[in-house]
Amino acid sequence: MRRGSVLAFALLAVLGWTASTLAAAAIDPAMQAKVNEQVKYVQSWANDPTIVNAVKAINASMPAANKAMTQEKWTTLTPFDPFVLSFSSNPVGLLLKAKKNQVISEGFVSAADGSKVGFLQKTTSWIHKGKPKHDVPMTGKTWQGEVETDQSTGLQQIQIAVPVLDGGKPIGSLVVGLQVARLK
């Protein structure tokens, strides 16, 4: 750890603050109200037949290229790789682009197994199963993360996730990153 980092950590420890305290403090009631508005907006996307039908199709019959993808392979692909581009140019990716507003920095839809169905731009991870942003929506509930600097966009954001439902049953997840600077 560098000296500056050690000093900052020591100061926070003396004050009794932690990184989670700082993140929680960053979301005041007014900002949380704006996050809640975005959750409602994003829930309407998750009900769109384009998303529901695409998730159902992937869950029923995973394409061979998707089955062969691993996190290791995914990290080697550039954002301009044809396989990657296929997710931002498919009907789900195009719908996300059409619905995106000035607050949203990223968005992606995952199938039941956590693999990608469509997105705005390449995600850091290929599979999100095992992470709360996917697992919580798969129980039918919404999820909200803490303020973070996103690896794929470099922006300070709050991620929210909602279930993609078919007949009231969760079949996938929709995760959206909200730019903190645009929520203020």
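Residues numbered from 1 in each chain as written. Predicted model: local features only at pLDDT ≥ 70, side-chain atom pairs only at ≥ 80, totals over all residues. Heavy atoms only, no water.

1. As for the overall build of the chain
We apply this condition: Elements are defined by DSSP. Helices are runs of H or I of four residues or more, strands are runs of E of two residues or more, and each kind is numbered from the N terminus. Buried means the residue's accessible area, taken with a 1.4 Å probe over protein chains only, is under 20% of the maximum for its type, while exposed means over 50%, and partly exposed covers the values in between. Two residues qualify as a contact provided that any one of their heavy atoms is within 4.5 Å of a heavy atom in the partner residue.
In terms of regular secondary structure, the chain is built from 10 helices and six strands. Taken across its 184 residues, the chain has 42% of its residues classed as buried. Across the chain, every contact between residues at least 6 apart in sequence was considered, and the portion connecting residues at least 24 apart equals 59%.

2. Notes on the packing of aromatic side chains
Rules: Whether two aromatic rings pair depends on their centres lying within 6.5 Å, for rings of Phe, Tyr and Trp, where Trp uses its six-membered ring; planes under 30 degrees apart make the pair stacked, over 60 edge-to-face, and the rest tilted.
Counting across every chain of the model gives eight aromatic pairs. With a centroid separation of 5.1 Å and 80 degrees between ring planes, the pair formed by Phe83 and Phe87 is classed as edge-to-face. Here the residue Phe83 and the residue Phe87 both occupy positions in helix α7 (residues 82-89), the gap between them amounting to four residues, near one helical turn. Accessibility expressed as a relative area gives 5% for Phe87, which makes it buried. On the basis of an interplanar angle of 45 degrees and a centroid distance of 5.7 Å, the ring pair of Phe83 and Trp126 is categorised as tilted. Of the two residues, Phe83 sits in helix α7 while Trp126 sits in the loop between β2 (116-119) and α9 (132-135), which places them 43 residues apart along the sequence.

3. Some thoughts on the layout of surface pockets
Which entries qualify depends on this criterion: The rule is simple: put a 1 Å grid over the protein atoms alone, call a set of points where a 1.4 Å probe fits but cannot get out a cavity, call an open set with protein on both sides within 12 Å along at least five of seven lines a pocket, and count a residue as lining if it has an atom within 4 Å of a point. Grid points are joined across faces, edges and corners, and a volume is the space filled by probe spheres set on the points. Note that Gly is not counted as nonpolar here; it falls among the polar residues with everything else outside the nonpolar set of Ala, Val, Leu, Ile, Met, Phe, Trp, Tyr, Cys and Pro and the charged set of Asp, Glu, Lys and Arg.
Taken as a whole, the largest pocket spans an internal volume of roughly 190 Å³. Forming the boundary of the largest pocket are 14 residues, of which Thr124, Lys133, Asp150, Gln151 and Gln159 lie nearest the centre. Counting only elements with at least two residues in the lining of the largest pocket, the list comes to β1 (104-110) and β4 (148-149). Split into classes, the residues belonging to the lining of the largest pocket amount to one nonpolar, eight polar and five charged.

4. Side note on the pairing of strand β6 (residues 169-179)
For clarity, the cut-off: For two strands to pair, DSSP has to find at least two bridges joining them.
Across the 11 residues of β6, 10 count as buried, placing the element largely inside the fold. Here six bridges tie β1 to β6, and the two strands are oriented antiparallel to one another. Bridge pairing links Glu106 to Gly177 in β6. Strand direction decides the pairing type here: strand β5 (residues 156-166) and β6, joined by 10 bridges, are antiparallel.

5. Thoughts on the nonpolar core
Short version of the rule: Remark: nonpolar core denotes a set of buried residues (Ala, Val, Leu, Ile, Met, Phe, Trp, Tyr, Cys) joined through side-chain atoms within 4.5 Å.
Ile51, Val109, Val164 and Leu174 are the most contacted members of the largest nonpolar core, which totals 33 residues. No other element matches helix α3 (residues 29-46), which puts six residues into this core. Setting aside residues up to four positions removed in sequence, Val109 forms contacts with Ile51, Val55, Val92, Leu96, Ser115, Lys116, Val117, Gly118, Val164, Ser173 and Leu174. Counting residues in each nonpolar core, the second largest holds 12 residues, with Phe83, Val84, Trp126 and Trp143 among its members.

6. Digging into the pattern of salt bridges
What counts is decided by this rule: For this document, the term salt bridge refers to a Lys or Arg side-chain nitrogen within 4 Å of an Asp or Glu carboxyl oxygen.
Across all of its chains, the model carries one salt bridge by this definition. Between Asp166 and Lys56 there is a salt bridge; the shortest N-O distance is 3.8 Å. Of the two residues, Asp166 is situated in strand β5 and Lys56 in helix α4 (residues 49-60); the sequence distance between them amounts to 110 residues. Residue classification places Asp166 among the partly exposed positions, given a relative accessible area of 32%.

7. Describing the packing of α7 against helix α8 (residues 91-99)
This is how it is decided: A fitted line through C-alpha atoms represents every axis, and for helices the fit uses only the stretch in contact; the resulting angles, taken between N-to-C directions, go from 0 to 180 degrees. Roughly parallel means an angle under 35 degrees; roughly antiparallel means over 145; roughly perpendicular covers 65 to 115; every other angle is labelled oblique.
Viewed as axis vectors pointing N to C, α7 and α8 meet at an angle of 55 degrees, and their least axial separation amounts to 4 Å. As judged from the angle between their axes, α7 and α8 are oblique. Contacts from Phe87, Ser88 and Ser89 in α7 reach Pro91, Gly93, Leu94 and Lys97 in α8. Partitioned by chemical class, the residues of the contact of α7 with α8 number three nonpolar, three polar and one charged.

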